[in-house]
Every structure is written in structure tokens, then in C-alpha cells.
Amino acid sequence: PHLYYWPLGAIFFGRAYHEYGISPDAGLALFRSLSAKIKTILSSRWDTTTGLIFIQDPAESLLPDSDFWAQARRQRIADPAFLALLIHAIENLIVVGGAWQQDLRDLIQYNELLIHSTNEHLWNETYGTYFPYDLEQNQQIVSDSIAGLLCWIADLPDQTRAEAMYRTLANNFVHPQHFYFPTNCVTEI
């Protein structure tokens with residue numbers, strides 16, 4: 001979905017900066033463009049009550065067939081997969097922009113509030129994962145979706161939550177009947 005282009009671009013930009021050492025001369029225009037696009041997403045999709053960013057339609061989701069879309073009464077969902085990517089993108093821009101002495105106050109404020117709000121509204125202690133949050137109903141949508149586990153990749157959980165997520169992953173996705181290395185060869189099954 002098009003909404004993901006800019007966060008993914010910022011993540012790849014941060015990765016290229018770290019691996020190839022892009023100079024400010026070569027990358028400053030791209031940094032400013034990516035920062036502006038991310039700020040546009042933030043300002044246009046910001047829920048002032050919760051401090052969360054929302055997506056409006058299953059077509060905007062990385063997991064459009066996820067069961068939580070059927071449960072949503074309206075189409076303003078704080079999706080953990082999108083939030084994880086967006087937070088990771090902002091953190092990449094902060095690192096690169098900091099190295100190039102750019103004004104990062106807005107990005108830092110957005111990032112801190114998004115992390116806090118995601119942990120506050122999407123974290124579910126009982127299940128040990130992050131669930132989508134319906135902004136119209138002001139409640140989590142308990143779901144079978146793996147979207148919440150992406151928050152782990154973006155370093156959103158603290159140590160206690162990360163350990164709970166590990167237990168959730170181990171208890172629900174690591175079973176003897178699962179094949180760790182899929183194969184098309186019937187004789188290997």
C-alpha cells in the first residue's frame with residue numbers, strides 16, 4: 001500500500017546511511033523529503049485523543065485479510081504493524097538527521113509519543129502481544145494476527161514485555177507439527 005512507501009523508504013535510507021556512509025551532500029535532500037513525507041502522514045493520521053496514528057481501510061494494511069478488520073466497527077484502526085514500521089522509520093531519520101545536525105525536535109516528539117501511546121493502548125498483558133486498537137470504540141481488537149509481533153522488531157517493548165512476547169511466540173507458533181524449513185519434497189516430510 002502507498003502509505004508504506006515513505007516509512008519503508010526512511011528505513012532503507014537509514015540502513016544505507018549505516019552501511020555505506022552517505023554524506024550530507026549526497027543525502028540531505030532525500031532526508032528532508034522523507035522527513036516531510038513522514039510528518040505529513042503523522043499530521044494527517046494523528047488521533048489527538050490517544051496519540052496514535054491510524055489506517056483507514058484494509059487496503060492500507062500490510063495484512064488486509066487479517067481477522068481484526070472484520071471486527072472493526074469503523075475504519076480508524078491503530079495497526080501495530082504500521083505503527084512498528086513508522087516508529088522504526090522515524091528512529092532511522094532521527095539517527096541520520098542527528099549525525100547531520102538537523103532540527104529533529106518534531107520527529108523526536110512524535111516518536112516518543114507514538115512509543116508511549118502504542119505501549120499504553122495496544123499492549124495486552126493477558127496475551128503478551130500488541131493488538132490493533134479501534135479508535136472509534138476506544139478498545140483493543142483481540143485478533144489472531146501476527147501484526148503485534150512486529151512491534152518487537154521495532155524495539156517497542158521493554159524487557160518484561162519482550163519476554164512476554166517471546167512466551168507468546170513460543171507457545172503459539174513453535175510446535176512439533178510446524179516445519180521449520182519448508183520443502184516441496186514429500187520424502188523430507
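Here, every reference points to the structure presented above.
First things first, this report covers the structure right here in the doc. As the structure is a computational prediction, the values presented were derived from the model and not from experiment.

Basis of the calculations
Residues numbered from 1 in each chain as written. Predicted model: local features only at pLDDT ≥ 70, side-chain atom pairs only at ≥ 80, totals over all residues. Heavy atoms only, no water. Axes fitted to C-alpha atoms, helices over the stretch in contact; angles between N-to-C directions. Helix = DSSP H or I, 4+ residues; strand = E, 2+ residues; numbered from the N terminus. Left-handed = near helix turned anticlockwise from the far one by under 90°. Contact = heavy atoms within 4.5 Å. Nonpolar A, V, L, I, M, F, W, Y, C, P; charged D, E, K, R; others polar. Buried < 20%, exposed > 50% of the residue type's maximum accessible area, 1.4 Å probe, protein only. Expected span 1.5 Å × (residues − 1).

**Here's the deal with the packing of helix α1 (residues 5–20) against helix α2 (residues 24–44)**
Argument step 1. For the pair α1 and α2, the least separation of the axes is 9 Å and the interaxial angle reads 145°. Helix-helix and strand crossings are classified by hand; for α1 and α2 the assignment is left-handed. The residues of α2 that touch α1, namely those facing Trp6, Pro7, Gly9, Ala10 and Phe13, are Gly27, Leu30, Phe31, Leu34, Lys37, Ile38 and Ile41.
Argument step 2. Class assignment of the residues belonging to the contact of α1 with α2 gives a composition of nine nonpolar, two polar and one charged.

**Quick word on unusual backbone geometry**
Argument step 1. In this structure, glutamine 101 is a non-glycine residue whose phi angle is positive, near 55°.
Argument step 2. Tracing the sequence through the fold places glutamine 101 in the loop between α4 (80–99) and α5 (105–121).
Argument step 3. Phi is positive for asparagine 138, which is not a glycine, with a value near 55°.
Argument step 4. Summarising the element assignment, asparagine 138 is placed in the loop between β6 (133–134) and β7 (139–140).
Argument step 5. Residue classification places asparagine 138 among the partly exposed residues on the basis of a relative accessible area of 48%.

**Re α1**
Argument step 1. Here α1 is 16 residues long and its end C-alpha atoms lie 21 Å apart, about the 22 Å a rise of 1.5 Å per residue gives.
Argument step 2. Among all positions of α1, only Pro7, Ala10, Ile11, Phe13, Gly14, Ala16 and Tyr17 are buried.
Argument step 3. Buried residues belonging to α1 abut α2 and α4.
Argument step 4. Residue glycine 21 follows α1 closely and has a positive phi angle near 60°.

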